[in-house]
Amino acid sequence: MPEPFTRQTFADAAALNQAAARLLTTLAQAAVAEHGRFSIALSGGSTPTGVYELWAQPPFRDVMPWPQTHLFWGDERLVPPDNADSNYRQVADLLLPHVPIPPQNVHRAKGELAMATAVADYTQQLQEFAGGTAVPRLDVVLLGLGSDGHTASLFPGSPVNPPEWVVGVTANYDGRPAQRLSLTPLVINQARHVIFLVTGANKAAVLAKVLDGPHQPDQLPAQRIQPKNGEVTWLVDTAAAQNINQIT
Ligand code: 6PG
């Protein structure tokens, strides 16, 4: 049976950001009510910054179960945590100073380390959080979409289904740091909810390919994301949605 799959479009990024902050907050409250904690892998890139800003403000900030919230990242660039290109730094600037999240709940990938060491360290952090070697079931994985079809740091031509939880990656995209690490589909597809945020006309062509085109996971890594027992929600703005077939 195909996984539950939802597409929602919004007039603009501002409306999308409001919906995303509301959805994340609702999922966090439900996760804590159900199993006592909320775990999320955050996305890098420019798309989610407005969501992080909203999450840091009332009304969302005040009803979020921050003490029970655990932050991970779907991918990280191999730069120090205070570097402007660090995905951690983005959240450290926009969200962390404004919310009562315990520092030990912030499980950042250590971009300042050499690639193999950073991969091993991040894998170990995930294992410790999961309490063993079973693939962790994060409550939410938040993802973006690159104009080449990448998501997290899973780029076209990379192994479609590597057995590791975390992989080191070298990929050039948009002048951003090439050395990265990424969660793999093994971990992402174990999540309870995967939420893609896609905005802007420059994503319209690739979004249509990913959602409505032939299955080409080698060239369109976002198509590798198919949770086994979870939901995928695509939150897109009308500019990005202009070429997709149907909205459900
Ligand atoms: C990263 C990301 C990456 C991002 C896309 C989209 O670290 O670069 O996690 O997967 O989400 O490249 O980036 P934009 O949101 O900037 O378009």
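Structural data are supplied above this passage.
These figures come from a predicted structure and were not determined experimentally.

## Focus on the packing of aromatic side chains
Here is step 1: Enumeration according to the criterion identifies 6 aromatic pairs in this entry.
Here is step 2: Centroid distance tryptophan 55 to tryptophan 66: 5.2 Å. Interplanar angle 65 degrees. Geometry classified as edge-to-face. Of this pair, tryptophan 55 sits in helix 2 (residues 49–55) while tryptophan 66 sits in the loop between helix 3 (60–63) and strand 3 (69–73), placing them 11 residues apart in sequence.
Here is step 3: On the basis of relative accessibility, which here comes to 1%, the residue tryptophan 66 falls in the buried class.
Here is step 4: Among the aromatic residues, ring-to-ring pairing joins Phe72, Tyr122 and Phe129 into one connected group.
Here is step 5: Looking at arginine 37, its charged tip hangs above the ring of phenylalanine 129, at a distance of 3.7 Å from the centre.
Here is step 6: Its end group placed over the ring of tyrosine 88, arginine 108 keeps NZ or CZ at 5.4 Å from the ring centre.

## What to know about the environment of alanine 240
Here is step 1: Along the chain, alanine 240 turns up in helix 8 (residues 238–241).
Here is step 2: Distance in space between the C-alpha atoms of alanine 240 and valine 206 is 9.0 Å, their sequence separation being 34 residues.
Here is step 3: Those residues in contact with alanine 240 that sit more than four places away from it in its chain are Val198, Thr199, Gly200, Ala201, Lys203, Ala204 and Leu207.

## Here's the deal with the site of the ligand
Here is step 1: Around the ligand, 17 residues are found, and the nearest of them are Thr47, Asp75, His150, Ala152 and Arg176.
Here is step 2: Interatomic distance of 3.2 Å between a backbone N/O atom of glycine 44 and an oxygen atom of the ligand.
Here is step 3: Between arginine 176 and the ligand, the recorded distance is 2.6 Å, taken from a side-chain N or O atom to an oxygen atom.
Here is step 4: In isolation the ligand offers 420 Å² of accessible surface; the protein chains occlude 97% of this area.
Here is step 5: Tallied by class, residues from the shell around the ligand come to 3 nonpolar, 9 polar and 5 charged.

## Some thoughts on helix 4 (residues 87–94)
Here is step 1: Along helix 4, the residues classified as buried are Asn87, Tyr88, Gln90, Val91 and Ala92.
Here is step 2: At its buried positions, helix 4 is contacted by strand 2 (38–42), helix 2, strand 3 and strand 4 (75–77).
Here is step 3: For helix 4, the capping residue at the N-terminal end is serine 86, with a side-chain oxygen 3.2 Å from the backbone nitrogen of tyrosine 88.

## With respect to the pattern of salt bridges
Here is step 1: Summed over all chains, the structure comprises 8 salt bridges.
Here is step 2: Across the pair aspartate 139 and arginine 192 runs a salt bridge whose closest N-O atoms are separated by 3.0 Å. On the criterion of sequence distance, the pair formed by aspartate 139 in the loop between helix 5 (115–130) and strand 5 (140–143) and arginine 192 in the loop between helix 6 (185–188) and strand 8 (193–198) is long-range, its members being 53 residues apart.
Here is step 3: For aspartate 139, a relative accessible area of 4% translates into the label buried.

## With respect to the sheet that holds strand 4
Here is step 1: Strands sit in the order 4-7-6 across an open sheet of 3 strands; the sheet is antiparallel. Looking along the sheet, the strands with just one partner apiece sit at the ends: strand 4 and strand 6 (166–170). Within this sheet the neighbouring strands show an average axis-to-axis angle of 20 degrees, counted without direction.

## Side note on the environment of glycine 168
Here is step 1: Here glycine 168 lies in strand 6.
Here is step 2: Here glycine 168 falls in the partly exposed class, since its relative accessible area comes to 37%.
Here is step 3: Each C-alpha atom, one on glycine 168 and one on alanine 11, is 37 Å from the other, the two residues being 157 residues apart in sequence.
Here is step 4: Contacts of glycine 168, omitting those with residues within four sequence positions, involve Met115, Val119, Arg180 and Leu181.

## Quick look at the pairing of strand 9 (residues 231–237)
Here is step 1: Summarising burial for strand 9: 6 of the 7 residues are buried, a large majority.
Here is step 2: Strand direction decides the pairing type here: strand 1 (residues 5–10) and strand 9, joined by 6 bridges, are parallel. Residue pairing for strand 9: phenylalanine 5 is matched across the bridge by valine 232.
Here is step 3: The pairing of strand 8 with strand 9 spans 6 bridges and is parallel. By the bridge assignment for strand 9, phenylalanine 196 is matched with tryptophan 234.
Here is step 4: Following the backbone out of strand 8, through helix 7 (residues 204–212) and into the adjacent parallel strand 9, one traces a crossover that is right-handed.

What counts and how
- Residues numbered from 1 in each chain as written.
- Predicted model: local features only at pLDDT ≥ 70, side-chain atom pairs only at ≥ 80, totals over all residues.
- Heavy atoms only, no water.
- Phe/Tyr/Trp six-rings, centres within 6.5 Å; stacked < 30°, edge-to-face > 60°.
- Helix = DSSP H or I, 4+ residues; strand = E, 2+ residues; numbered from the N terminus.
- Buried < 20%, exposed > 50% of the residue type's maximum accessible area, 1.4 Å probe, protein only.
- Lys NZ or Arg CZ within 6 Å of the ring centre and 35° of its normal.
- Contact = heavy atoms within 4.5 Å.
- Near = heavy atom within 4 Å.
- Polar contact = N/O pair within 3.5 Å; in protein donor to acceptor, adjacent residues only side chain to side chain.
- Areas by Shrake-Rupley, 256 points an atom, 1.4 Å probe, with all protein chains shown as cover.
- Nonpolar A, V, L, I, M, F, W, Y, C, P; charged D, E, K, R; others polar.
- Salt bridge = Lys/Arg side-chain N within 4 Å of Asp/Glu carboxyl O.
- Pairing = 2+ DSSP bridges.
- Axes fitted to C-alpha atoms, helices over the stretch in contact; angles between N-to-C directions.
- Right-handed = clockwise from strand over helix to strand, strands pointing away.

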